[in-house]
Amino acid sequence: MKLKKQIQVLTAAALLSLITIKVCHAQVIANETASVWKGFIKHCFTINGSEAWYVAPKKPVKGNPWVWRAYFPDWHTDMDSILLTRGFFIAYVKAPDLFGHYSAINTWDDFYHYLTSVKGFAMKPALEAVSRGGLYAYGWAKRNPSKVSCIYAEAPVCDFTSWPGGKGAGNGSAADWRKLLSAYGLTDKEAMGYKDQPKDNLETLAAYKVPILHVIGLKDSIVPYAENTALLVQNYVRQGGPATVIPMTGGPQQLHGHHFKIEDPGQWADFICQHSLPVQRPLHASQFIKHFGSLDNVLYKIKEKAEVRVAFLGGSITHMTGWRDIVMAWLTERFPKVHFDFINAGIPSLGSLPHAFRLQNDVLDKGRIDLLFVESAVNDYVNKTPATIQQRALEGIIRHALSFNPYMDVVLMAFADEFKLTDYAAGKIPREVQLHEQLARYYHLPFINLAREVYMRIQNKEFSWRDDFKNLHPSAFGQALYANTIQTLLYNSPGRQVERKPKKAFLPDPKDPFCYMDGTYLSLKEANLVKGFTLNPSWTPKDSAHTRPGFVKIPALEAMQSGATLELAFTGTAVGVAVLSGPDAGIIRYSIDGEPSEITDLYTEWSSGLHLPWYILLGDGLPNGKHRLVITIAEGRNVSSNGNAVRIAHFLINK
């Protein structure tokens, strides 16, 4: 009677909700009803038009752990019943005939955010995948490795060319294969070469050590073990992921061995409990995002399905395969009707000073930029960039970008390194992080403090720097962490539902009037080659030292002997050079407007094996007018250098 009365109350509330619609971020929740499922309350609703439900335990475990059924939610429910009695929720969202395509994964994302943000479910569900549910569960888990406690799978499809394709030993399903090709927009030949099956690209999931357990039928000719679970587990273990495979041999083997009895479901419930309890409480990525400004302009263009150009300006952490690729894939899949053009302007070793002077050439000249990500905090520390130059460079980037396109959205980011973690441990905010946050606040830009996130998560015992993150060049684990927080910014940005035209940025007075907001390159042809210098139209090293992308097979002014001299007439408030500092880098003597000469050693601590692009300011804070720079190769050399070479790739001018 008590249960029936509770159902009546819930159903009445649900009927009321039929005339209302709840909006939470991107989720539209409607058509809420309640019923009884095996003695428990089942809450049904639609989320963005997709049918969904969750079954509530009578007494939830602290933290609200839950199991997420991927497909066939009414098949083999004994384990679900056991888990409900142990205080777990069971949940499901319907995305039929999509075979794990990203359109289904987008629906899963919305469902996850609704249950965790609105209903208070645990942030790490256990995934339960049956048969084709493997395509969904692994598709979502690989996109969200930090949000999965474990994966339990029964005869899961791990390669769709096996099923429904039937291209191997399995029977396949011609009708389902046609549906899959339609869902993915692939030809038969393209599907055979598809490179992101559940069995593929498991590095990140393995880096998060997500435990997986597959139960299989040895006589399964629908989803053959050798073409599915065997390949996935082999790849997963090779990457360091924990995996267990157990064959079900008792009872009847039906449907060509694909249907089998689940022996002792209690032990599989134990597996989920073991890896879900006690409920972990990872810090939420939103804690490390400061919404000093919005992304309304780019979100408006996305809403209008206009072409969107996204640029990534940074150093090696931006250049390398990792977070940037994950974010690009997420944007493309999340908004499939928008054409995205991505610009990778990441160059290893470069920080805010180089960024300020290469912004025009490497980013703005590529076309109208709608969204710009900027990172320099790691290299600014490593390169020992003075605080004043950091300030002028980073502010110059912001002002230059927004002056060029006042409708551009700009995101500042501070990545992690050991030195920043040491500062936080000592109760200090790293200088580079402070500067990024101050400028983001002043110019009303979103700021992501990934350095603090890494430190706080380590303190929260979620992972370790040595074993998981590993380096300032993050492992697959760290790359996914960075990407997750950036995606959180994009997903949860305030104003994403705002129906308005793009808003022009307002630029306040500069904090530093000598910021490099007009920083650019000046043509090498502007130099007067007085003695010894020549213009090499396509410089390449003649030794075995490495080079950086964008700094080889380019024009360079080159001289090898002391006494070589050039002059440069320029107009502006700052002048400098970008040199190729290799094993034979020399020393220069320079003078501006006839002032006493100064000396700079071009050899760096990295020059022994690398022709490093090294940006040096020779004059800063100059009166805004015409000036004359004279550069001469000095006598002598660094004790570690084997020559006197000076190779100038670019002149730097703040016009």
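From a predicted model like this one, the values you see are computed outputs, not experimental measurements.

Enquirer: What exactly am I supposed to notice about the sheet that holds strand E23 (residues 565-572) here?
Expert: Sheet strands pair via backbone hydrogen bonds, and the direction of the pair is either parallel or antiparallel. What the five strands build is an open sheet, ordered E20-E23-E28-E25-E26; its pairing is antiparallel. Edge strands, defined here as strands with exactly one partner in the open sheet, are strand E20 (528-531) and strand E26 (598-601). Between one strand and the next, the sheet's axes are offset by a mean angle of 25°, whatever the strand orientation. Relative to strand E28 (residues 625-633), strand E25 (residues 587-592) runs antiparallel, the two sharing five bridges. Bridge pairing in E28 places Ser-591 opposite Val-630.

Enquirer: Before we go on, may I ask you to explain the pairing of strand E4 (residues 50-56) in this structure?
Expert: Two faces, one strand: in a regular strand the side chains alternate between the faces of the sheet. The buried fraction of E4 is high, at six of seven residues. In terms of strand pairing, strand E3 (residues 40-47) meets E4 through seven bridges, oriented antiparallel. The partner of Ile-47 across the bridge, within E4, is Ser-50. If you look at the hairpin formed by E3 and E4, you'll find two residues sitting between the two strands, and Asn-48 has a positive phi there, around 50°. Summarising the sheet, E4 and strand E6 (residues 89-93) pair through four bridges and their orientation is antiparallel. Residue pairing for E6: Ala-52 is matched across the bridge by Val-93.

Enquirer: Looking at this structure, how should I read empty space enclosed by the protein?
Expert: Over the atoms rolls a probe the size of a water molecule, and its path tells where empty space is left. Taken as a whole and assessed by the stated rule, the structure comprises three cavities of 30 Å³ or more. Volume-wise, the largest cavity comes out at about 100 Å³. Surrounding the largest cavity, Asp-109, His-113, Arg-143, Asn-144, Lys-147, Trp-330, Asn-484, Gln-487, Thr-488 and Tyr-491 form its lining. Looking at the lining of the largest cavity, the elements with two or more residues in it are helix H3 (102-117) and helix H20 (476-492). The element that contributes the greatest number of residues to the lining of the largest cavity is H20, accounting for four residues.

Enquirer: Teacher, can you tell me more about the packing of aromatic side chains here?
Expert: The geometry of an aromatic ring pair is captured by the separation of the ring centres together with the interplanar angle, meaning the angle of the planes. For the coordinates displayed, the defined rule picks out 42 aromatic pairs. One residue, Lys-42, lies across the ring of Trp-53, its end atom 4.5 Å from the ring centre. Between Lys-511 and the ring centre of Tyr-442, over which it is positioned, the NZ or CZ distance is 4.7 Å.

Enquirer: What am I meant to see in the side chain of Arg-324 here?
Expert: Examined against the element boundaries, Arg-324 turns out to sit in helix H12 (residues 323-334). By relative accessible area, Arg-324 is classed as buried at 7%. Within the structure, Arg-324 has its side chain in polar contact with the backbone oxygen of Thr-318 (distance 2.8 Å).

Enquirer: How do you make sense of the packing of helix H18 (residues 450-459) against H20 when you look at a structure like this?
Expert: What describes two packed helices is the angle between their axes and the distance between those same axes. Between H18 and H20, the least distance of the axes is 11 Å, while the angle of their chain directions is 120°. With respect to H20, the axis of H18 lies oblique. Crossing hand, H18 versus H20: right-handed. Along the contact surface, H18 presents Leu-450, Glu-453, Val-454 and Arg-457, while H20 presents Leu-481, Tyr-482 and Thr-485. A per-class count over the contact of H18 with H20 returns four nonpolar, one polar and two charged.

Enquirer: Can you help me understand the layout of surface pockets in this one?
Expert: Taken as a whole, the largest pocket holds about 940 Å³ of empty space. Around the largest pocket, the lining is made up of 39 residues, and of these Lys-142, Arg-143, Asp-196, Asn-201 and Ala-329 lie nearest the centre. The set of elements that each furnish at least two residues to the lining of the largest pocket consists of H3, helix H4 (133-143), helix H7 (203-207), H12 and H20. Ranked by residue count, the leading element in the lining of the largest pocket is H20, at six residues.

About the cut-offs
- Residues numbered from 1 in each chain as written.
- Predicted model: local features only at pLDDT ≥ 70, side-chain atom pairs only at ≥ 80, totals over all residues.
- Heavy atoms only, no water.
- Pairing = 2+ DSSP bridges.
- Helix = DSSP H or I, 4+ residues; strand = E, 2+ residues; numbered from the N terminus.
- Axes fitted to C-alpha atoms, helices over the stretch in contact; angles between N-to-C directions.
- Buried < 20%, exposed > 50% of the residue type's maximum accessible area, 1.4 Å probe, protein only.
- 1 Å grid on protein atoms, 1.4 Å probe; cavity = no way out; pocket = protein on both sides within 12 Å on 5 of 7 lines; lining within 4 Å.
- Points joined across faces, edges and corners; volume = space filled by probe spheres on them.
- Phe/Tyr/Trp six-rings, centres within 6.5 Å; stacked < 30°, edge-to-face > 60°.
- Lys NZ or Arg CZ within 6 Å of the ring centre and 35° of its normal.
- Polar contact = N/O pair within 3.5 Å; in protein donor to acceptor, adjacent residues only side chain to side chain.
- Parallel < 35°, antiparallel > 145°, perpendicular 65-115°, else oblique.
- Left-handed = near helix turned anticlockwise from the far one by under 90°.
- Contact = heavy atoms within 4.5 Å.
- Nonpolar A, V, L, I, M, F, W, Y, C, P; charged D, E, K, R; others polar.

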